[in-house]
Amino acid sequence: KECAKAFHAAGSKLVLCGRDGEKLQDLVQQLSTTTNHCQNTHKPHTVVFDLSDTKTVLNAAEDILKYLGHVDILINNAGISFRGTIVDTGLDVDKKVMETNYFGPIALTKALLPSMIKRRQGHIVAISSVQGKISIPFRSAYAASKHATQAFFDCLRAEVEQYDIEVTVVSPGYIQTNLSLNAVTADGSRYGVMDKNTAEGQTAAEVAQVVLSAVGQKKKEVLVAGLTPSLAVYLRNLFPRLFFTLMASRAKKERKAKDS
């Protein structure tokens, strides 16, 4: 929602995608009421589909191209989080998280990529996570999906440079969203808890402005996180043994807190 607001205010012609048509229309209404306060006179278009269903993604891409003709900027922003132990998590849960966080975005990217290559123009943004660079205990499915996302778009960046197409990976830390509330657990049920770190994270509006700026500056990668997670990324690369020790300690502490 906040990315839509930021890019709308900057003058973009938007196609808003999501599973809930009513919520998308509510957002269109919100954006329309702000039109008088900015230069944008484009009414956003909506395409309703479930990113976890790759078959519907292809149809959605056709609808988007039919409406716009081409896409200048694609922002892959959908995601679902996970909380649970590996030993208790069924493979179907891992697949569910991977379908939404990885296969869905790459399916949409692949569907729109040929038109960008043909025009030799375009910018693809992947909203990943700090957990695409480091893994923390009890987030296995989520971290795995974000590691895969990081790897895919790093490869894509190298392959499409010859076509003058930009690829940006944004890796935020904690953001004040409903991500933890809607996270799935080991048995596939809804987590339903607002984590303290999430509640105290950056606002979605702040991160949206970072995304807008990254696109404007054609940055290849942006880490949007506080001091501790940023240090953890460097620690993982430079002092892996220390990082592994700290993560094992964190796992023990979290398990003890849960058991008590």
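Rules used in this analysis
- Residues numbered from 1 in each chain as written.
- Predicted model: local features only at pLDDT ≥ 70, side-chain atom pairs only at ≥ 80, totals over all residues.
- Heavy atoms only, no water.
- UniProt positions renumbered as here; feature names shortened; annotations may be inferred.
- Core = buried A, V, L, I, M, F, W, Y, C linked by side-chain atoms within 4.5 Å.
- Buried < 20%, exposed > 50% of the residue type's maximum accessible area, 1.4 Å probe, protein only.
- Helix = DSSP H or I, 4+ residues; strand = E, 2+ residues; numbered from the N terminus.
- Pairing = 2+ DSSP bridges.
- Axes fitted to C-alpha atoms, helices over the stretch in contact; angles between N-to-C directions.
- Salt bridge = Lys/Arg side-chain N within 4 Å of Asp/Glu carboxyl O.
- 1 Å grid on protein atoms, 1.4 Å probe; cavity = no way out; pocket = protein on both sides within 12 Å on 5 of 7 lines; lining within 4 Å.
- Points joined across faces, edges and corners; volume = space filled by probe spheres on them.
- Nonpolar A, V, L, I, M, F, W, Y, C, P; charged D, E, K, R; others polar.

Naming follows an unreviewed UniProt entry, where the chain appears as Dehydrogenase/reductase SDR family member 7B of Zapornia atra. As its UniProt record puts it under Sequence similarities (unreviewed entry), the chain is described as follows: "Belongs to the short-chain dehydrogenases/reductases (SDR) family." Under the Function (unreviewed entry) heading, UniProt states for the chain: "Putative oxidoreductase."

Enquirer: Would you take a moment to explain the nonpolar core for this structure?
Expert: Phe 49, Leu 74, Leu 108, Ile 124, Phe 153 and Leu 156 are the most contacted members of the largest nonpolar core, which totals 27 residues. If you list the elements that add at least two residues to this core, you get α3 (54–68), α4 (91–119), β5 (122–127), α5 (140–160) and β6 (165–172). Considering every element that reaches this core, the biggest residue donor is α4, with eight residues. Cys 3, Leu 14, Ile 175 and Val 215 belong to the second-largest nonpolar core, a separate cluster that totals 21 residues.

Enquirer: Is there a simple way to explain the sheet that holds β6 in this structure?
Expert: Taken in spatial order, the four strands make up an open sheet running β3-β5-β6-β8, and their pairing is parallel. Two strands lie at the open edges of the sheet, namely β3 (73–76) and β8 (221–224), each paired on one side alone. Across the sheet, the axes of successive neighbouring strands diverge by a mean angle of 15°, strand direction being ignored. Where β5 and β6 come together, six bridges link them in parallel fashion. Bridge pairing in β6 places Gly 122 opposite Ile 165.

Enquirer: Explain the pattern of salt bridges here, please?
Expert: If charged atoms from side chains of opposite charge come close, those side chains can pair. On inspection of all chains with the given rule, the structure shows six salt bridges. Ionic pairing is found between Lys 5 and Glu 2, a salt bridge with its closest N-O pair at 3.5 Å. Linking Lys 5 with Glu 2, this pair stays in helix α1 (residues 2–9), spanning three residues, or about one helical turn. Its relative accessible area of 24% is what places Glu 2 among the partly exposed residues. In this structure, Lys 133 engages Glu 221 in a salt bridge whose closest nitrogen and oxygen atoms are separated by 2.8 Å. Of this pair, Lys 133 sits in the loop between β5 and α5 while Glu 221 sits in strand β8, and the two are 88 residues apart along the sequence. A relative accessible area of 24% means that Lys 133 is categorised as partly exposed. Take Glu 221: its relative accessible area is 41%, and that puts it in the partly exposed class.

Enquirer: I keep staring at the environment of Glu 206 and nothing clicks. Help me out?
Expert: Locating Glu 206 in the fold gives a position in helix α7 (residues 204–216). Residue Glu 206 is classed as partly exposed on the basis of its relative accessible area of 43%. Glu 206 sits 200 residues away from Ala 6 along the chain, and the two C-alpha atoms are 9.8 Å apart.

Enquirer: Help me understand empty space enclosed by the protein in this model?
Expert: The gaps of empty space that remain are located by a probe, the size of a water molecule, rolled over the atoms. For the coordinates displayed, the defined rule picks out one cavity of 30 Å³ or more. The volume enclosed by the largest cavity comes to roughly 50 Å³. Contributing to the lining of the largest cavity are Asn 76, Ala 78, Asn 101, Pro 105, Ala 126, Ile 127, Lys 146, Thr 149 and Phe 153. At the level of secondary structure, the elements contributing two or more residues to the lining of the largest cavity comprise α4, β5 and α5. No other element matches α5, which puts three residues into the lining of the largest cavity. Of the residues that constitute the lining of the largest cavity, the class distribution is five nonpolar, three polar and one charged.

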